[in-house]
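This is what each chain is made of:
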Amino acid sequence: MSAPQDGPLLDDAAGRLIRPYTVSNGRTRPTTVFDLLSLVMATGSEPEVHLGPEHTVALELCGGPTSVAEIAAHLRLPAVITKVLLSDLVDCGAVTAHAPAFHDMPTDRSLLEAVLDGLRRQL
């Protein structure tokens, strides 16, 4: 897997050579609803449309279930732009996305207090 910083759109000295919104062709609204914790995974299907280098790197990052937030961090792009790129990949069938599973469990106060006590001991 190639690292995003090795791509043609980044330079070690100058940073990003193009503005993030140009990566998404000026789009700021994804066609798929994503949460930052949504898990995205490659389907193994090759996109039939030509995608940009960021799409390719994002697809490589989705070899296993990977969160939108993690992909954005690796791409060094804002989350909203990453969501647009990922929605392009969903639209062409290259990846699937699943919302995080939240359970309606009440917060266990004793567990939180034990975590806080452990953190205090570490400081």
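Cut-offs used in this document
- Residues numbered from 1 in each chain as written.
- Predicted model: local features only at pLDDT ≥ 70, side-chain atom pairs only at ≥ 80, totals over all residues.
- Heavy atoms only, no water.
- Helix = DSSP H or I, 4+ residues; strand = E, 2+ residues; numbered from the N terminus.
- Buried < 20%, exposed > 50% of the residue type's maximum accessible area, 1.4 Å probe, protein only.
- Contact = heavy atoms within 4.5 Å.
- pLDDT = per-residue confidence, 0-100.
- Axes fitted to C-alpha atoms, helices over the stretch in contact; angles between N-to-C directions.
- Parallel < 35°, antiparallel > 145°, perpendicular 65-115°, else oblique.
- Left-handed = near helix turned anticlockwise from the far one by under 90°.
- Nonpolar A, V, L, I, M, F, W, Y, C, P; charged D, E, K, R; others polar.
- Patch = residues over 30% accessible without salt bridge, like charges linked within 9 Å, V, L, I, M, F, W, Y side chains within 5 Å.
- Areas by Shrake-Rupley, 256 points an atom, 1.4 Å probe, with all protein chains shown as cover.
- Salt bridge = Lys/Arg side-chain N within 4 Å of Asp/Glu carboxyl O.
- Pairing = 2+ DSSP bridges.
- Core = buried A, V, L, I, M, F, W, Y, C linked by side-chain atoms within 4.5 Å.

**Student:** It is not clear to me how the environment of G63 should be interpreted in this structure. Could you clarify?
**Tutor:** With respect to the element layout, G63 can be found in the loop between α2 (53-61) and β4 (66-67). Along the sequence, G63 and V40 sit 23 residues apart, while their C-alpha atoms lie 8.9 Å from each other.

**Student:** Even after reading the chapter, I still don't get the side chain of H55, so can you show me in this structure?
**Tutor:** By the secondary structure assignment, H55 is in helix α2. Judged by relative accessible area, which is 7%, H55 ranks as buried. Ignoring any residue separated from it by four or fewer positions in sequence, one finds H55 in contact with L85, D88 and L89.

**Student:** Where do I start with the confidence of the model for the protein in this structure?
**Tutor:** Caution applies to low-pLDDT regions: their predicted coordinates should not be interpreted in detail. Of the residues in the protein, 75% have a pLDDT of 70 or more, and the chain-wide mean is 81. Note that pLDDT drops below 50 for residues 1-8; the model gives that stretch 11 contacts with residues more than four away or on any other chain.

**Student:** Got a minute to help me understand the side chain of S87 in this structure?
**Tutor:** Mapping S87 onto the fold places it in helix α4 (residues 79-91). Discounting chain neighbours no more than four positions away, the residues touching S87 are P30, T31, T32 and F34.

**Student:** In this structure, what is going on with the packing of α2 against helix α3 (residues 68-75)? I would like to understand it.
**Tutor:** Each pair of packed helices can be summarised by the angle the axes make with each other and by the distance between the axes. Orientation of α2 relative to α3, taken along the N-to-C sense of each, is 130 degrees, at an axis distance of 10 Å. In terms of axis orientation, α2 runs oblique to α3. As α2 packs across α3, the resulting crossing turns out to be right-handed. Contact residues: E54, V57, A58 and L61 in α2; I71, H74 and L75 in α3. Of the residues assigned to the contact of α2 with α3, the class counts are 5 nonpolar, 1 polar and 1 charged.

**Student:** Honestly, a nonpolar patch on the surface in this entry has me stumped. Any pointers?
**Tutor:** A surface patch of nonpolar side chains, about 280 Å² in accessible area, is lined by L111, V115 and L119. The class of V115 is partly exposed, set by a relative accessible area of 45%.

**Student:** Mind showing me how you'd approach the sheet that holds β4 here?
**Tutor:** Consider a sheet: its strands pair through backbone hydrogen bonds, and that pairing is either parallel or antiparallel. One open sheet holds the 3 strands; their spatial order is β4-β3-β5, and the pairing between them is antiparallel. Lying at the two open borders of the sheet, with one neighbouring strand each, are β4 and β5 (95-98).

**Student:** Would you take a moment to explain the nonpolar core for this structure?
**Tutor:** Of all hydrophobic cores here, the largest spans 17 residues; its most connected members are V40, A58, C62, I71, L75, L86 and L89. Of all elements in the fold, only α2, α3 and α4 reach the threshold of two or more residues within this core. The element best represented in this core is α4, accounting for 4 residues. Setting aside chain neighbours within four positions, we find C62 in contact with V40, M41, A42, I71, L86 and V95.

**Student:** Quick question: what am I supposed to make of unusual backbone geometry here?
**Tutor:** If a residue is not glycine, its phi is most likely negative; likewise, a peptide bond is most likely trans. Phi at R76 is positive, roughly 55 degrees, even though this residue is not glycine. Among the secondary structure elements, R76 is positioned in the loop between α3 and α4.

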